[in-house]
Amino acid sequence: MTHLSIHGLREALLAKRCSVTEVVRAYLDRIQRLNPHLNCFITVTAEQALQDAQDYDTGRRSLTDLPLAGVPLAVKDVLCTKGIRTTCGSKMLEHFNPPYDATAVERLRAAGAILLGKTNMDEFAMGSSNENSAFGPVKNPWDMSRVPGGSSGGSAAAVAADLCAAALGTDTGGSIRQPASFCGIVGLKPTYGRVSRYGLVAFASSLDQVGPMTKDVRDAALLLAVLAGHDPKDSTSIAQSTEDYPSALTLPIRGLRVGLPKEYVNEGMDAEVAAATEKACRIFQDLGADLRDVSLPHTDYGVAAYYIIAPAEASSNLARYDGVKYGYRFSEARDLLTMYKESRRRGFGTEVKRRIMLGTYCLSSGYYDAYYRKASQVRTLIRQDFFKAFEHCDVLLAPVSPTAAFVLGEKTQNPLQMYLNDVFTLPASLAGIPGLSIPCGYTAAGLPIGVQILGPHLGEATVLRAAYHFEQATKGERRTLTL
């Protein structure tokens, strides 16, 4: 039963083909068997999950009243969970137990979901491979010698390996879409502000966004319907009503204008990824979509702009970890300055320290205008590129990553090569528009390849509709992962 989608599991539970306790035990048994190899979970909340399941089976909670009642989910360990440690994959927060739930977690609980645990991640969400965690790297369930993508690699691998029915991830520069692509699942980054960031431990505040990672598009729509909506506790939350995302899936797409950005085809793209993307274009054409060539001329500047803006915001956000208020403290220091320095030196990992230094430099006196201000101007140009493209298109279709999942350790010694892995996901994050990764093929070695569908501001319903029809047209080609 662990292979079921959310909607499939809900049907089984309502038909009483299984109990909630049976479902939760099945997932916990699978986690116990596979997590030592995959390292998807940092914390497993088995006792509480079983108690929640018993509440459903004994009738203390109703299975019929809530959309996610009895559904076991996982949450990326960057979202605060009351009384459950939230580490952000870092030694700095190894023993941090938040006194409150993030709004996204609160909404999952209110919808009846059962929390199985917190998933592994790149430290403070800084990474593209999930090799930067203080708790060790996550392995890709399709090939354990390869990365699952990052920073939401733990969530992606857990969903792909059937360790949970679905999971929450966060996307700052592609950290939902890229691991979803590498692990062969669906990953949705909503419009910036569509889902509350309250209780999300900040990496880059103008970019971070919470989103669902699921087994199919219908599940992504179901979760977004639960998560989306204005939150007065988040000043960046959009005060606009949401749509009925599940109902929008089956609306026709004949005549849908699908843009193909010419800048997303380059010499660095793997031939198998290029072929899978071209095949996806043909499938949309067969579905009756109207394919159009478009240009996003400032795409090439996305990586440079992102790796100034994001580290600058990280430098500011991570200044709070000084060993005084909470988090790791070097207790052997003889003076205050040494305690500050040693707490941060020992508490943060290499990649986090690299980005803090980059960001601090870009914000320093004499360099702010040359770097941060210029990057912000480029960001505006990238956003305008998308606005112009969506005057002629309803969605855009593009590859997620230049390659499929790469080998563990292959890019850790070359940060620039690692950063370039995000070249196709960063522009949408800088523009704040929604994007969804969906499987579109496999390499000769059997590794999943994803394609991303990008939509205009608050265009999640259209993105999900396009993805759903594509999924229905290709579901016969989806492969089953056996572990």
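In the block above lies the structure referred to throughout.
To start, this report covers the structure provided alongside it. Fair warning: this is a prediction, and the values are worked out from it, not measured in the lab. Every chain is numbered independently, its residues counted from 1 as its sequence is written. Totals for whole chains, interfaces and linings use every residue, but because this is a predicted model, local features are given only for residues with pLDDT of at least 70 and side-chain atom pairs only at 80 or more, for both listing and counting. Where side-chain values are given, they derive from all heavy atoms of the structure, hydrogens and water being excluded.

## Things to note about unusual backbone geometry
Stage number 1. With an omega of 5°, the peptide bond running from Gly150 to Ser151 counts as cis.
Stage number 2. A run of H or I in DSSP becomes a helix once it reaches four residues, and a run of E becomes a strand once it reaches two; helices and strands are each numbered from the N terminus. For Ser151, the position within the fold is in the loop between strand E3 (114–119) and helix H5 (153–160).
Stage number 3. The phi angle at Leu458 is positive, at roughly 65°, despite the residue not being glycine.
Stage number 4. Mapped onto the secondary structure, Leu458 falls in the loop between strand E11 (448–454) and helix H16 (460–474).
Stage number 5. Only protein chains enter the accessibility calculation, which uses a 1.4 Å probe. A residue is then buried if its area is under 20% of the maximum for its type, exposed if over 50%, and partly exposed in between. Judged by its relative accessible area of 14%, Leu458 is buried.

## A word on the packing of helix H2 (residues 20–38) against helix H3 (residues 46–57)
Stage number 1. In this description, a line fitted to the C-alpha atoms serves as the axis of each element, helices being fitted only across the stretch in contact, and the angle between N-to-C directions of two axes falls anywhere from 0 to 180 degrees. Where H2 meets H3, the axes come as close as 8 Å, and the angle between the chain directions of the two elements is 160°. Taken together, the axes of H2 and H3 lie roughly antiparallel to each other. As H2 packs across H3, the resulting crossing turns out to be right-handed. Contact residues: H2 offers Val20, Thr21, Val24, Arg25 and Leu28, while H3 offers Ala46, Ala49, Leu50, Ala53, Gln54, Tyr56 and Asp57. The cut-offs work like this: below 35 degrees is roughly parallel, past 145 is roughly antiparallel, 65 to 115 is roughly perpendicular, and the gaps in between are oblique. Note: crossing handedness is left-handed where the near helix turns anticlockwise from the far helix by less than a right angle, and right-handed where it turns clockwise. By the convention used here, residues are in contact when the closest approach between their heavy atoms is within 4.5 Å.

## Section: the side chain of Asn130
Stage number 1. Its location among the elements puts Asn130 in the loop between E3 and H5.
Stage number 2. A 3.5 Å cut-off defines polar contacts: any pair of N or O atoms within that distance qualifies, except that in protein one atom must be a possible hydrogen donor and the other a possible acceptor, and neighbouring residues in sequence count only when both atoms are side-chain atoms. Reaching out from Asn130, the side chain makes a polar contact with the backbone nitrogen of Gly154 at a distance of 2.9 Å.

## Points about the packing of aromatic side chains
In this description, an aromatic ring pair is defined by two values, namely the gap between the centres and the angle between the planes.
Stage number 1. Aromatic contacts are taken between Phe, Tyr and Trp rings whose centres are within 6.5 Å, Trp giving its six-membered ring; a plane angle under 30 degrees counts as stacked, one over 60 as edge-to-face, and the others as tilted. Summed over all chains, the structure comprises 17 aromatic pairs.
Stage number 2. Considering the side-chain rings of Phe124 and Tyr321, the 5.2 Å spacing of their centres and the 50° angle between planes classify their relative orientation as tilted. Here Phe124, found in the loop between E3 and H5, pairs with Tyr321, found in the loop between helix H10 (302–317) and helix H11 (336–347); they are 197 residues apart in sequence, far enough to count as distant. Like Phe124, the residue Tyr321 is buried in the burial classification.
Stage number 3. Linked through ring pairs, Phe96, Phe124, Tyr321, Tyr326 and Phe348 together constitute an aromatic cluster.

## As for the side chain of Thr172
Stage number 1. For Thr172, the position within the fold is in the loop between strand E4 (166–171) and helix H6 (177–183).
Stage number 2. Assessed through its relative accessible area of 2%, Thr172 is described here as buried.
Stage number 3. Of note is the side chain of Thr172, whose polar atom sits 2.6 Å from the side chain of Asp208.
Stage number 4. Each residue touching Thr172, except ones within four places of it in the same chain, is listed here: Phe203, Ala204, Leu207, Asp208, Tyr306 and Ser429.

## Some details on the nonpolar core
Stage number 1. Throughout, nonpolar core names a set of buried Ala, Val, Leu, Ile, Met, Phe, Trp, Tyr and Cys residues whose side chains join them through atoms within 4.5 Å. One finds Leu73, Leu108, Phe124, Phe386 and Leu464 to be the most contacted residues of the largest nonpolar core, which totals 153 residues.
Stage number 2. The element contributing the most residues to this core is H10, with nine residues.
Stage number 3. Judged by nonpolar contacts, the second largest core, of five residues, contains Val147, Phe182, Ala405 and Phe406.

Functional significance is not addressed by these values, which are geometric in nature.
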